[in-house]
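So you can see what is in the structure, the chains are spelled out below.
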Amino acid sequence: YKILKSTADKLVKNQITIEKPELFETQVINIVDSATYSKRHGTIKIEFTKSLMEYLKASKNYTMYNLNEIADLTSIYAIRLYELIQQYK
């Protein structure tokens, strides 16, 4: 549980740097808007920043999906099939 709390703290302080040489720009994006640690359940609830989500949507290297939709899937093959379906949505 101590590791989860320290991980939540680290996530909030973490950021990525995106170099855009063609525009002579450097963009710094915070990864997490908030991280809520539940001592009772031993879980972390993470909210990613809007800027990060927009960056990931603009990048074609990621597949976006709702984790609640795959939470009950038990097979790695079912999860991968879901990812492939979402990729062409």
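Up top is the structure.
This report concerns the structure included in the present document. Predicted model only: the values in this text are computed from it and were never measured.

Quick look at the overall build of the protein
- A tally of helices and strands in the protein yields 4 helices and 4 strands.
- Along the protein, from the amino end to the carboxyl end, the secondary structure elements read α-β-β-β-β-α-α-α.
- Relative to the globule expectation of 12 Å for 89 residues, the C-alpha radius of gyration of the protein, 16 Å, shows a markedly less compact shape.
- Each principal axis of the C-alpha distribution contributes one length, and for the protein these read about 45 × 35 × 15 Å.
- Of the contacts made within the protein by residues no fewer than 6 positions apart, 20% connect residues no fewer than 24 positions apart.
- Here the protein has roughly 7700 Å² of accessible surface; of this, 54% comes from carbon and sulfur atoms.

Structural notes on the pattern of salt bridges
- Applying the stated rule across the entire model yields 2 salt bridges.
- Where Lys5 meets Asp9, a salt bridge forms, and the shortest distance between an N and an O atom there is 3.9 Å. Note that Lys5 and Asp9 are positioned in helix H1 (residues 2-13) at a spacing of 4 residues, about one turn of the helix.
- Since its relative accessible area comes to 43%, Lys5 is described here as partly exposed.
- Between Arg80 and Glu83 there is a salt bridge whose closest N-O contact spans 3.3 Å. Within this pair, Arg80 and its partner Glu83 are both found in helix H4 (residues 76-87), separated by 3 residues, close to a single helical turn.

Regarding the side chain of Gln86
- Structurally, Gln86 is set in helix H4.
- Residue Gln86 is classed as buried on the basis of its relative accessible area, which comes to 14%.
- In terms of polar contacts, Gln86 uses its side chain to reach the side chain of Tyr82, at 2.7 Å.

Calculation notes
Residues numbered from 1 in each chain as written. Predicted model: local features only at pLDDT ≥ 70, side-chain atom pairs only at ≥ 80, totals over all residues. Heavy atoms only, no water. Helix = DSSP H or I, 4+ residues; strand = E, 2+ residues; numbered from the N terminus. Rg over C-alpha atoms; globule rule 2.2 N^0.38 Å. Contact = heavy atoms within 4.5 Å. Areas by Shrake-Rupley, 256 points an atom, 1.4 Å probe, with all protein chains shown as cover. Salt bridge = Lys/Arg side-chain N within 4 Å of Asp/Glu carboxyl O. Buried < 20%, exposed > 50% of the residue type's maximum accessible area, 1.4 Å probe, protein only. Polar contact = N/O pair within 3.5 Å; in protein donor to acceptor, adjacent residues only side chain to side chain.

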